[in-house]
Amino acid sequence: MKNIPYFMVTNRNAESDGWGSQRVDKLVCYTCPAKSAPTKASNWEKLDGGKLVKALQEIASTFPVIHDFNNEDQKHLSLFVHGYNNTWKESVERYRQLKSDLFEATDLGCPMLFSWPSNGSAAGYLPDREDARDSGTQTAELFVKLHDVVSVQERNAADADNLELQCRAKISVIAHSMGGYVVQKGLAVAAKRLNSPQLITLIHQLAMVAADVDNDIFQKEKPEDSDGSLMANLCYRIGALYTGLDEVLGASAGLKHFGTRRLGRSGLADGNSVWDNVFDWDVSDVIDRRKKIHSAVFDSPKSLALLEKILRGVDRHHLKD
């Protein structure tokens, strides 16, 4: 669908020409008209949280009701969380590109940006990681509010006699690089605040692209209150896209000197002992290796097509079809 506005939630500090690299304590919501340049700060209008939810609900109300046997055709409300070393303008430009090349090109639905205060500097890795952790705690607010909306919609979906009340959109998340760490912390905190709900799917599809998180995060032997276990409980499916060609994540592992290998570089530590709704996929053969490898999934038609299939819920054994 075209002409859907841009939406952004951010905890970056406001500056005269946009948003900076300092974290603020409160999430702020904005919208920008579809035909305006989202990289121009003056095009963004502040929204309170209630108006943002209402705007997204109004968009979702225009989506068609899809029967179960056409499940993959259901449209999405999707959150994009950018990665490490991104200025505000860089995060918005990537969001704009995904909105155009993925969501509008395939009629997938409506994406929204979460822009957290990455320092936009290769030297800022450790400060970025601290901001990602703290931003994750703030992102939990988004997931808790989403839970409240989804709970109502899923109760409506049980009313088989009234199709108009049924949920018209899937909820998905695309997390890139250290944005995966933001989502990890956000979902884990949200799960604890919600007392680890067992009867609701909060996120239908979580796509972790070049994730800068530990590659053993989803192992079943982890405690029930570990981040990976809580994430797997709240998500219907989690797909990790990785490539051993990613030198950025190789440097990430070297900078920390703790933890395990990076999920986005080596894949799952042991794919046979993870939660059954978690899988990984080596993207080495579908990315354009002439592009920056760390973000190459977003820059190749083949890898974008793979990402679309994952979001739509195509069975993992048929992603190559």
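The structure contained in this document is the topic of the report that follows. Just so you know, these numbers come straight off a predicted model, no measurement behind them. (Residues numbered from 1 in each chain as written. Predicted model: local features only at pLDDT ≥ 70, side-chain atom pairs only at ≥ 80, totals over all residues. Heavy atoms only, no water.)

Turning next to the packing of aromatic side chains. The way to describe two aromatic rings as a pair is by their centre distance and the angle between their planes. Under the definition given, this model contains 5 aromatic pairs. The interplanar angle of 55 degrees and the centroid separation of 4.8 Å between the aromatic rings of Trp19 and Trp88 together place this pair among those described as tilted. Taken together, the positions of Trp19 in strand E2 (residues 18-32) and Trp88 in helix H2 (residues 88-104) put the pair 69 residues apart, joining distant regions of the chain. A residue is classified by how much of its surface remains accessible, and Trp19, at 10% relative accessible area, is buried. The exposure class of Trp88 is buried, given its relative accessible area of 2%. (Phe/Tyr/Trp six-rings, centres within 6.5 Å; stacked < 30°, edge-to-face > 60°. Helix = DSSP H or I, 4+ residues; strand = E, 2+ residues; numbered from the N terminus. Buried < 20%, exposed > 50% of the residue type's maximum accessible area, 1.4 Å probe, protein only.)

Evaluated as defined, the whole model comprises 2 cavities of 30 Å³ or more. Of the voids in this model, the largest cavity is the one considered here, and its volume is about 50 Å³. As for the largest cavity, its lining consists of Val209, Ala210, Leu241, Tyr242, Thr243, Asp246, Gly264, Val283, Ile287, Ile293, His294 and Val297. For the lining of the largest cavity, a count of residues per class yields 8 nonpolar, 3 polar and 1 charged. Estimates place the volume of the second largest cavity at around 40 Å³. If you go around the second largest cavity, the residues you meet are Ser78, Leu79, Phe80, Tyr95, Leu98, Phe103, Pro111, Met112 and Ile174. Of all elements in the fold, only strand E4 (75-81), H2 and strand E5 (109-115) reach the threshold of two or more residues within the lining of the second largest cavity. Tallied by class, residues from the lining of the second largest cavity come to 8 nonpolar, 1 polar and no charged. (1 Å grid on protein atoms, 1.4 Å probe; cavity = no way out; pocket = protein on both sides within 12 Å on 5 of 7 lines; lining within 4 Å. Points joined across faces, edges and corners; volume = space filled by probe spheres on them. Nonpolar A, V, L, I, M, F, W, Y, C, P; charged D, E, K, R; others polar.)

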